[in-house]
Amino acid sequence: MTRYWPMKSGLLLTSGFGPRDGGMHYGQDIGWPGGSAGLPVYAMQAGTVDRVGPASGFGQWICLDHPTAAGGGYTVYGHIIPEVRLGLKVEAGQRIARINPDTSTNGGVTPHLHVEVHRSTWAEPGPDRLDPRVWLATAIYPGQPTRGGKPMDLMPYREQLHGLWNNADNTAQVIVQHTTESESGNSNVINYLEKTGNGSYQTMVDSDGEEVRMVPDDRQAWGAGSAGNRIGLHVCAMGRAAFSRERWLSETRLLERTAMRYAEWSRAYGIPLVKLGPAEVRAGERGICGHADISAAFREVDHTDPGVNFPYDVVIERAKQLLNQEDDMQLSDTITDAYGNKVSVGDVLKWVSYHADLTIDQLGGPGSRTKIPAVMPGWAQLGDKTFVDSLADAHKKIDRVIALLEANGKAQ
């Protein structure tokens, strides 16, 4: 039996199962840092679509009934736009929906995913509704990276934003790599920083792959002096500058999550995935550097982390792979269409190309689609005019007729 988280690795657990606002929240709310609108939703377990469509409070929902062989139970996905039909059998980890971005049709909420787990079949609020986070304790992520054929089991992303930043804008020139110089875990390090106000980073990555957001991307963290804070997006790894390369390479979950962060920032802000030295940073070039490079570039601080053995080459190469995996869809890849049918990307592109060709010919005349550079021969029945030219000509004639009729009416 395999269970999946309903969103890709990097998800944010926002409102858990339990008491909320004087009542009880019988599900788990899940989102994405920076916004969830339009993001894909995946089946947590193999099953059959039992309910789909409009649902009170959700806008629309999907309910999956899971056979005993797949692990049993019943799951609910709310505030979504369905991409499957009633009665369709789905696989664990299969894309089934996307998060509805429209608050006017998603139940009036900020876009996010609400999931529920019912013990055996649909159940009214009560003891037969289970805590999704507990139920998903051994779940993996859709498309989750593996090592040696086994999922790497990264911990969920979370936020702990307590104001440790400057409100001035961050220029996002460089990604700056730090180390904690401690191995005590994210919670202990962040609690220390919050207690002392002695520094912060956009995000921190622990050895188990947990990522904790401390500072919004558009604000200046307290990580590397005034110049470094102004230009940098800062990521801090749980480790020490004295680590050997071999020691760093043994931190597989930490390096995977760090590569995911590099890839996400590269995609979001156009930061090249290249390692920079101090002179390049000082010259205003964009890329990835360490705290040590910031120190040497501006001489405002004297830190030397993440150390000479930090495997930038490995992390940057993995970040490039992650970008390519997300950006390059193969023709043989299978997607689910609006009717619940599984079709290949190649077939979809053929359909689009065929109908685009037909449309071009209808507008410009037969053979227009084959003319490079573009030549529009027009249609014989339209006086060798294109559809648009013929329509414009007809409008002119109609305008003249109307003008004549109006003039004739005034003369009478």
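For the structure, check the block above.
Residues numbered from 1 in each chain as written. Predicted model: local features only at pLDDT ≥ 70, side-chain atom pairs only at ≥ 80, totals over all residues. Heavy atoms only, no water.

1. Description of the overall build of the protein chain
Looking only at helices and strands, the protein chain has ten helices and 25 strands in total. Computed over C-alpha atoms, the radius of gyration of the protein chain comes to 28 Å, more than 25% over the 22 Å expected from 2.2 N^0.38 for 412 residues, which places it beyond the range of a compact globule. When its C-alpha atoms are laid out on the principal axes, the protein chain stretches across 95 × 60 × 50 Å. The buried share among the 412 residues of the protein chain stands at 46%. (Helix = DSSP H or I, 4+ residues; strand = E, 2+ residues; numbered from the N terminus. Rg over C-alpha atoms; globule rule 2.2 N^0.38 Å. Buried < 20%, exposed > 50% of the residue type's maximum accessible area, 1.4 Å probe, protein only.)

2. Observations concerning the layout of surface pockets
Quantified by volume, the second largest pocket comes out at close to 370 Å³. Per-element accounting of the lining of the second largest pocket gives the leading share, three residues, to helix H2 (residues 186-196). Residues that form the lining of the second largest pocket fall into these classes: six nonpolar, ten polar and two charged. (1 Å grid on protein atoms, 1.4 Å probe; cavity = no way out; pocket = protein on both sides within 12 Å on 5 of 7 lines; lining within 4 Å. Points joined across faces, edges and corners; volume = space filled by probe spheres on them. Nonpolar A, V, L, I, M, F, W, Y, C, P; charged D, E, K, R; others polar.)

3. So, the pattern of salt bridges
Across all of its chains, the model carries 19 salt bridges by this definition. Put simply, aspartate 29 and arginine 20 hold a salt bridge, and the shortest N to O gap is 3.1 Å. Its relative accessible area of 6% is what places aspartate 29 among the buried residues. On the basis of relative accessible area, arginine 20 is assigned to the partly exposed category, the value being 35%. The shortest N-O distance in the salt bridge between lysine 275 and aspartate 293 comes to 2.9 Å. (Salt bridge = Lys/Arg side-chain N within 4 Å of Asp/Glu carboxyl O.)

4. Overview of the side chain of glutamate 256
In this structure, glutamate 256 sits in helix H5 (residues 252-269). Using a relative accessible area of 4% as the deciding quantity, one classes glutamate 256 as buried. One polar contact links glutamate 256 to arginine 318, side chain to side chain, over a distance of 2.9 Å. (Polar contact = N/O pair within 3.5 Å; in protein donor to acceptor, adjacent residues only side chain to side chain.)

The quantities given are spatial measurements derived from coordinates; they are silent on function.
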